Number of protein chains: 2
Amino acid sequence: MTRNLGISAGSATTLSAELIAAGFLREVEGLTREAGRGRPPVALEVVPDARLVIGIKLSDALHTAVLTDFAGTVLANASQPTPDHRKSVENILTEVSDLIAALLANADRSLSEVSAIGAGLSGLIDHNTGMVLWSPLLDQRDLPLGPALQQRFGLPVFLDNDANMLTLAELWFGAGRARSDFAVVTIEEGVGMGVVLGNRLFRGSRGIGLELGHTKVQLDGALCRCGQRGCLEAYVADYALAREAATALGRNAHNLQSASVMLDKLFAQAKAGNVSARTIFRRAGRYLSLGLANVVQLFDPELIILSGERMQYDYLYAEEVMAEMRALILADGREPCPVEIHAWGDLVWARGASALALSAVTDMALGEGWAG
Amino acid sequence: MTRNLGISAGSATTLSAELIAAGFLREVEGLTREAGRGRPPVALEVVPDARLVIGIKLSDALHTAVLTDFAGTVLANASQPTPDHRKSVENILTEVSDLIAALLANADRSLSEVSAIGAGLSGLIDHNTGMVLWSPLLDQRDLPLGPALQQRFGLPVFLDNDANMLTLAELWFGAGRARSDFAVVTIEEGVGMGVVLGNRLFRGSRGIGLELGHTKVQLDGALCRCGQRGCLEAYVADYALAREAATALGRNAHNLQSASVMLDKLFAQAKAGNVSARTIFRRAGRYLSLGLANVVQLFDPELIILSGERMQYDYLYAEEVMAEMRALILADGREPCPVEIHAWGDLVWARGASALALSAVTDMALGEGWAG
């Protein structure tokens, strides 16, 4: 443990003792390895029943929640379709109440057994205060969603950008366990990014996270739903593809109910050889390759993970997109940064939200306090 | 000290004892403040004579060097014009030899009194190995400049990207002393960036630094001297302005000897109302504002420092450029990231190189070894 974390054996012993005293860790009998010189290494395991937490992913069309134990094992999950429009905080509170009631019913547990809630949504979230500065899900700017959830459920609530949540899921449970520096780029309703530097989630100097989707890839470019022009998101996200779909699909497009159905149709047409449909995905892929190349030039990560619902559209990570990304990075003779595709569903995002809560609960027990 | 560094008092005491034992720090008599409870705080000062180091900035037209003591005080400096073309390692070694000889003569010191050399140049530098993977100053890729300098002078040599050097100068001696997270963007022959995160220079996961100048701001855009298209540098750097200058200045341009003279003429013409000259600077300013906005979206620094020779051209940081930068950042109701202009000369860059050497000498003395 100490080797991987880069902390001294002494610090690890002190920390372990505190976690054992708090009931979070316990020594495992009969598992100590053959001793060399000095004190033999001690095998420790997380005490799964120490605490339960809830992790929630809020999104446009469906909210998802998991109940996990302190070892991160998912005990139950629940999801709930929601109307696809901008909501008030009161709407969200009601929807989350219903979701949590369903989750606890599935697990046959009560809210009194839960220690904390982690929740994530897209937009500009101030992790330190729980304020939602801007989100496509909400009807106003600057809403105190974290404090409102906290008051409603009487529990500590930790709020974060949904891309950060997914990055925590990779760091705790996924490909990130073996890497100290990696980036997770999410393509869903929008384009998000989480970055791990030195084994820690990097949220920027003000704790609001990174906004890859709103980096500019074209001066005076395509209109973004943030109101500005030329954002990466305005070329790659669902709505960017959907608004050109009507042109490519002709009158058929008007019969399609949602952006998601329209994109599935567009994708099928592209596969069938519709040139207009192909050029929509091709352009999205080229701008994505530019955005990823910029991430490599600015963070030089060991790995980029592409994730999210849109990973079902392989045009976004076709070999030509990856080749274009490599061609846009300053050649230095080194191996190019590997890119992995992880088409996780919403449950994994919610699991990341539970990791946010577990991490905060541990910090609280160790006396570092928390900002909820 | 322990408060600002975020390390424990115990760790600080151990570290201080090691630095005192190595002769780098000493206790100052009569300066201890009024004692509260516990051990009184001890005033320490750096021992200036502990070591001398040389810091060097290599560049297209002029190499610059400083000799500093262990407190970072500059004892002497020297500079030397060089022919503006791509050089072999052997050329550079000869030029650096002459430069160091002049520097030591100015200081009336000998090379035997020097502990280490720090040096910086633009390009892709592997700080860990001293390899220059690519630089506009050198005639080939993948040259072991660090090891070659080390062999020539029989001293440890620490090589870095020149933007990182300037960032170290800000961190050690400048505006960065009061900030934990800031970015330094340099505009000279090229566009560079150094980023400090949590009081440390962030070099990316592979130690080669960040390449803001080669982030892409336009698909299939202007040709960059790296051979790719659409790099920020290809719109903002000297050569990008100079190649349009002939069009704006007409036949007069052919009489101008260097890019620098041509740019001065272009700037004077823009100030005098030449519309073509104005549009060159205006476009450079707009792309710079886009590049800076992307830095804010991805790092959210507390401060951006613009530095370098081109800061004499105020079109690059005119109020309209700053306003455009702010308009390209996702609005979140917070104060915009402040931008400061520091038009440092080459001496400050060289001083940053000396900070690189001082830092490495300290690490070596503390037994962390060094990679030269």
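Quick caveat: nothing in here was measured; it's all calculated off a predicted structure.

Peer 1: Can you break down the pattern of salt bridges residue by residue, with the values?
Peer 2: Residues and elements named next belong to chain A. This structure, assessed with the given rule, holds 28 salt bridges over all chains. A salt bridge links D160 to R203; its shortest N-O distance comes to 2.6 Å. Taken as a pair, D160 in strand β9 (residues 157-161) and R203 in the loop between β12 (200-202) and α6 (233-236) lie far apart in primary sequence, 43 residues in all. By relative accessible area, which is 1% here, D160 ends up buried. Classification of R203 as buried rests on a relative accessible area of 17%.

Peer 1: Give a detailed account of unusual backbone geometry, specifying residues and quantitative values.
Peer 2: Residue and element names in this part refer to chain A. One non-glycine residue, D108, lies in the positive phi region at around 55°. Locating D108 in the fold gives a position in the loop between α3 (89-107) and β6 (114-121). The backbone of D220 sits at a positive phi, close to 55°, despite the residue not being glycine. Along the polypeptide, D220 turns up in the loop between β12 and α6. D220 gets classed as exposed once you look at its relative accessible area, which sits at 54%.

Peer 1: Run through the interface of chain A and chain B, naming residues and quoting values.
Peer 2: Each partner contributes residues to the interface: chain A has 44 residues there, and chain B has 45 residues. Roughly 4200 Å² of surface becomes buried between chain A and chain B when both sides are summed, with 57% attributable to carbon and sulfur atoms. When the area that chain A buries against chain B is broken down by residue, the three leading residues are A:L219, A:L298 and A:L330, summing to 18%. Where chain A meets chain B, there are 4 salt bridges. Salt-bridge contacts for B:R206 lead to A:D300; the nearest nitrogen and oxygen are separated by 3.2 Å. Where chain A touches chain B, the interface holds 19 residue pairs in polar contact (both at pLDDT 80 or more). When residues of the side of chain A that touches chain B are traced back to their parent elements, those giving at least two are β11 (191-197) and α9 (275-299) of chain A. No other element matches the 7 residues that α9(A) contributes to the side of chain A that touches chain B.

Peer 1: Could you give an account of the nonpolar core, naming the residues involved and the relevant values?
Peer 2: Core analysis: the largest hydrophobic core is formed by 124 residues, its most contacted members being A:M193, A:F299, B:M193 and B:F299. With near-sequence residues (within four places) excluded, B:F299 lies in contact with A:F202, A:G204, A:S205, A:L298, A:F299, B:M193, B:V195, B:L197, B:F202 and B:L210.

Peer 1: Go over the relation of the copies chain A and chain B with me, naming the residues and quoting the values.
Peer 2: Under the fitted operation, chain A is carried onto chain B by 0.0 Å of movement along the axis and a turn of 180°, and the coordinates agree to an RMSD of 0.1 Å. Look at the turn and shift together and you get a two-fold axis relating the two. Looking at chain A, 100% of its interface residues are interface residues in chain B too, so the copies touch through the same face.

Peer 1: Tell me about helix α4 (residues 145-153) of chain B, and please be specific about residues and values.
Peer 2: Residues and elements named next belong to chain B. Among the residues making up α4, those that are buried are L145, G146, A148, L149 and F153. Viewed end-on, α4 has its buried residues packed into an arc of 165°, placing them on one side of the element. Where α4 is buried, its residues contact α3 (89-107), β6 (114-121), β8 (131-134) and β9 (157-161). Just downstream of α4 lies G154, where phi reads positive at about 65°.

Peer 1: Please give an account of the packing of aromatic side chains that cites residues and values.
Peer 2: Following the criterion strictly, the structure yields 17 aromatic pairs over all chains and no others. One aromatic cluster in this structure is built from A:F202, A:F299, B:F202 and B:F299. Its guanidinium or amino end placed over the ring of B:W349, B:K57 lies 3.7 Å from that ring's centre, counting from NZ or CZ. The ring of B:F173 carries B:R351 above its face, with NZ or CZ at 3.8 Å from the centroid.

Peer 1: Got a sec to walk through the pairing of strand β8 (residues 131-134) of chain A? Specific residues and values, please.
Peer 2: All names here are of chain A. In the sheet, strand β7 (residues 124-126) pairs with β8 via 3 bridges, with the strands oriented antiparallel. Its bridge partner lying in β8, D126 is registered against M131. The loop that links β7 with its antiparallel partner β8 comprises 4 residues; one of these, G130, has a positive phi angle of about 75°.

Peer 1: Describe the pairing of strand β5 (residues 74-81) of chain B, and please don't skip the residues or the numbers.
Peer 2: Residue and element names in this part refer to chain B. With 7 bridges joining them, strand β4 (residues 62-69) and β5 adopt antiparallel strand pairing. Bridging from a neighbouring strand, L67 pairs with A76 of β5. Between β4 and β5, which pair antiparallel one after the other, the connecting turn spans 4 residues, and G72 there sits at a positive phi close to 85°.

Peer 1: Break down the confidence of the model for chain A for me, citing the residues and quoting the values.
Peer 2: Residues and elements named next belong to chain A. Per-residue pLDDT for chain A averages 86, and the proportion of residues at 70 or more is 89%. Considering each helix and strand of chain A separately, the mean pLDDT is smallest for helix α1 (residues 2-5), with a value of 45, and largest for helix α4 (residues 145-153), with 97. Note on residues 1-6: pLDDT is under 50 here. Beyond four places in sequence and across chains, it has 7 contacts.

Peer 1: Report on the packing of helix α7 (residues 238-249) of chain A against helix α8 (residues 259-271) of chain A, specifying residues and quantitative values.
Peer 2: All names here are of chain A. It is the contact of α7 with α8, at a shortest axis distance of 9 Å, that shows an interaxial angle of 60°. Viewed along their axes, α7 and α8 adopt a mutual orientation that is oblique. The two elements α7 and α8 cross, and the hand of that crossing is left-handed. Judged by residue contacts, D238, L241, A242, A245, A248 and L249 of α7 engage A259, M262, L263, K265, L266 and Q269 from α8.

Peer 1: Please set out the sheet that holds β12(A) residue by residue, giving values where relevant.
Peer 2: Residue and element names in this part refer to chain A. Strand order across the open sheet formed by 5 strands is β12-β11-β10-β13-β14, with mixed pairing between neighbours. Strands at the two margins of the open sheet, each flanked by one partner only, are β12 and β14 (339-342). The average undirected angle you get between the axes of adjacent strands in this sheet is 25°. Pairing analysis gives 4 bridges linking strand β13 (residues 303-307) to β14, with the strands arranged parallel. When the bridges of β14 are listed, I304 appears paired with V339.

The rules behind each value
Residues numbered from 1 in each chain as written. Chains lettered and ligands numbered in written order. Predicted model: local features only at pLDDT ≥ 70, side-chain atom pairs only at ≥ 80, totals over all residues. Heavy atoms only, no water. Salt bridge = Lys/Arg side-chain N within 4 Å of Asp/Glu carboxyl O. Helix = DSSP H or I, 4+ residues; strand = E, 2+ residues; numbered from the N terminus. Buried < 20%, exposed > 50% of the residue type's maximum accessible area, 1.4 Å probe, protein only. Contact = heavy atoms within 4.5 Å. Buried area = accessible area lost by both parts, 1.4 Å probe. Polar contact = N/O pair within 3.5 Å; in protein donor to acceptor, adjacent residues only side chain to side chain. Core = buried A, V, L, I, M, F, W, Y, C linked by side-chain atoms within 4.5 Å. Least-squares fit on C-alpha atoms with pLDDT ≥ 70 in both. Arc of directions from axis to C-beta. Phe/Tyr/Trp six-rings, centres within 6.5 Å; stacked < 30°, edge-to-face > 60°. Lys NZ or Arg CZ within 6 Å of the ring centre and 35° of its normal. Pairing = 2+ DSSP bridges. pLDDT = per-residue confidence, 0-100. Axes fitted to C-alpha atoms, helices over the stretch in contact; angles between N-to-C directions. Parallel < 35°, antiparallel > 145°, perpendicular 65-115°, else oblique. Left-handed = near helix turned anticlockwise from the far one by under 90°.

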